[in-house]
Amino acid sequence: SRPPTGSGGAFAPTGSRDSCSTGDSRSFSPRTPSAGRCWWPRPHRNLQAHRAAFRIPVEDLRVDFEDGYGPRGDDEEDTHCLAVAHAFARAMADHTLPPFVGIRVKSLSAETTDRALRTLDLTLTTLVAAAGALPEGFVVTLPKVVMPAQVTALVECLAMLERALGLRGGSIGV
């Protein structure tokens, strides 16, 4: 979930008694005027678990081209697809990718199907061209499924992409 935002940003320094702490000398108050309560776990409840949360590595990285991304023009989204593909390729070469990675495309509704498939094609084609392969266990997340035909369509598109890119059938997860 996203932190609430307020007049000083999500993490406005306060130093107040009610602020949330990172476990060191810095104090933050992720509050909104309307909520009036801290969304972050307070360290006095379980300091050890609170500190451990800052050391847990990311295990699943899904780049969101849907709700969290918002509406963008085609040129802008194309640019972001290329940037994501190249970032994944660099991380593959550096062996810094988490164990599970993928992208979340727009839904396959009548309004966004073309954009979803364009994002999928451009990102995967660029990634395979740059890295020579997809990361192991790469997954495509399909949001807002309202009928089984949407999942079937995605699976068929992925099969076509796998053939076109010389990938093993079924190598892209859904």
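Residues numbered from 1 in each chain as written. Predicted model: local features only at pLDDT ≥ 70, side-chain atom pairs only at ≥ 80, totals over all residues. Heavy atoms only, no water.

Caption draft 1: Representation of the sheet that holds strand β6 (residues 139-141) within the structure. An order of β4-β5-β6 is seen for the three strands of this open sheet, with the pairing classed as parallel. The open sheet has two edge strands, β4 (60-64) and β6, and neither has a second partner. Strand-to-strand twist in this sheet, taken as the mean axis angle between neighbours without regard to direction, amounts to 25°. Of the pairings in the sheet, the one linking β4 to strand β5 (residues 100-104) comprises five bridges and is parallel in character. Across the sheet, D64 pairs through a bridge with R104, a residue of β5. Along the sheet, helix α2 (residues 74-94) makes contact with β4 and β5, crossing β5 at roughly 175°. (Pairing = 2+ DSSP bridges. Helix = DSSP H or I, 4+ residues; strand = E, 2+ residues; numbered from the N terminus. Axes fitted to C-alpha atoms, helices over the stretch in contact; angles between N-to-C directions. Contact = heavy atoms within 4.5 Å.)

Caption draft 2: Structural view of the environment of P98. For P98, the location among the structural elements is in the loop between α2 and β5. In this structure P98 comes out as buried when scored by relative accessible area, which is 16%. Residues P98 and E59, 39 residues apart in the sequence, show an inter-C-alpha distance of 5.1 Å. Ignoring sequence-local partners within four residues, the contact set of P98 consists of V58, E59, D60 and L61. (Buried < 20%, exposed > 50% of the residue type's maximum accessible area, 1.4 Å probe, protein only.)

Caption draft 3: Representation of the packing of aromatic side chains within the structure. Following the criterion strictly, the structure yields two aromatic pairs and no others. Relative to Y69, the ring of F65 lies with its centre 5.2 Å away and its plane at 70°, an arrangement referred to as edge-to-face. Residue Y69 is classed as buried on the basis of its relative accessible area of 11%. Taking the centre distance of 6.1 Å and the plane angle of 90° together, the rings of F88 and F138 count as edge-to-face. With F88 in helix α2 and F138 in the loop between α3 (113-131) and β6, this pair connects stretches of sequence that are 50 residues apart. When sorted by exposure, F88 lands in the same class as F138, which is buried. Cation over ring: R72 sits above Y69, and NZ or CZ is 4.3 Å from the ring centre. (Phe/Tyr/Trp six-rings, centres within 6.5 Å; stacked < 30°, edge-to-face > 60°. Lys NZ or Arg CZ within 6 Å of the ring centre and 35° of its normal.)

Caption draft 4: How the structure looks around helix α4 (residues 148-165). Between its first and last C-alpha atoms α4 spans 26 Å; for 18 residues at 1.5 Å apiece the expected length is 26 Å, and the two agree. All buried positions along α4 are accounted for by Q150, L154, C157, L158, L161, E162 and L165. Down the axis of α4, the sector holding all buried residues measures 140°, keeping them to one side. Facing away from the buried side of α4 by over 90 degrees, the exposed positions are P148 and R163. If you follow the buried residues of α4, they end up packed against α3 and β6. G166 occupies a position one or two residues after α4 and carries a positive phi of about 70°. (Expected span 1.5 Å × (residues − 1). Arc of directions from axis to C-beta.)

Caption draft 5: Main features of unusual backbone geometry. Of note in the backbone geometry, H95 takes a positive phi value of approximately 60° without being a glycine. With respect to the helices and strands, the residue H95 is situated in the loop between α2 and β5. Residue classification places H95 among the exposed positions, given a relative accessible area of 72%. With a phi close to 50°, K144 is a non-glycine residue in the positive phi region.

Caption draft 6: Inspection of the pattern of salt bridges at higher detail. Overall, the coordinates contain 12 salt bridges when judged by the stated rule. Measuring nitrogen to oxygen at the nearest pair gives 3.4 Å for the salt bridge that ties E77 to R115. Pair noted here: E77 is in helix α2 and R115 is in helix α3, with a separation of 38 residues, a long-range link. A single burial state applies to E77 and to R115, both of which are buried. Taking the shortest distance from any N to any O, the salt bridge between R118 and D78 comes out at 2.3 Å. (Salt bridge = Lys/Arg side-chain N within 4 Å of Asp/Glu carboxyl O.)

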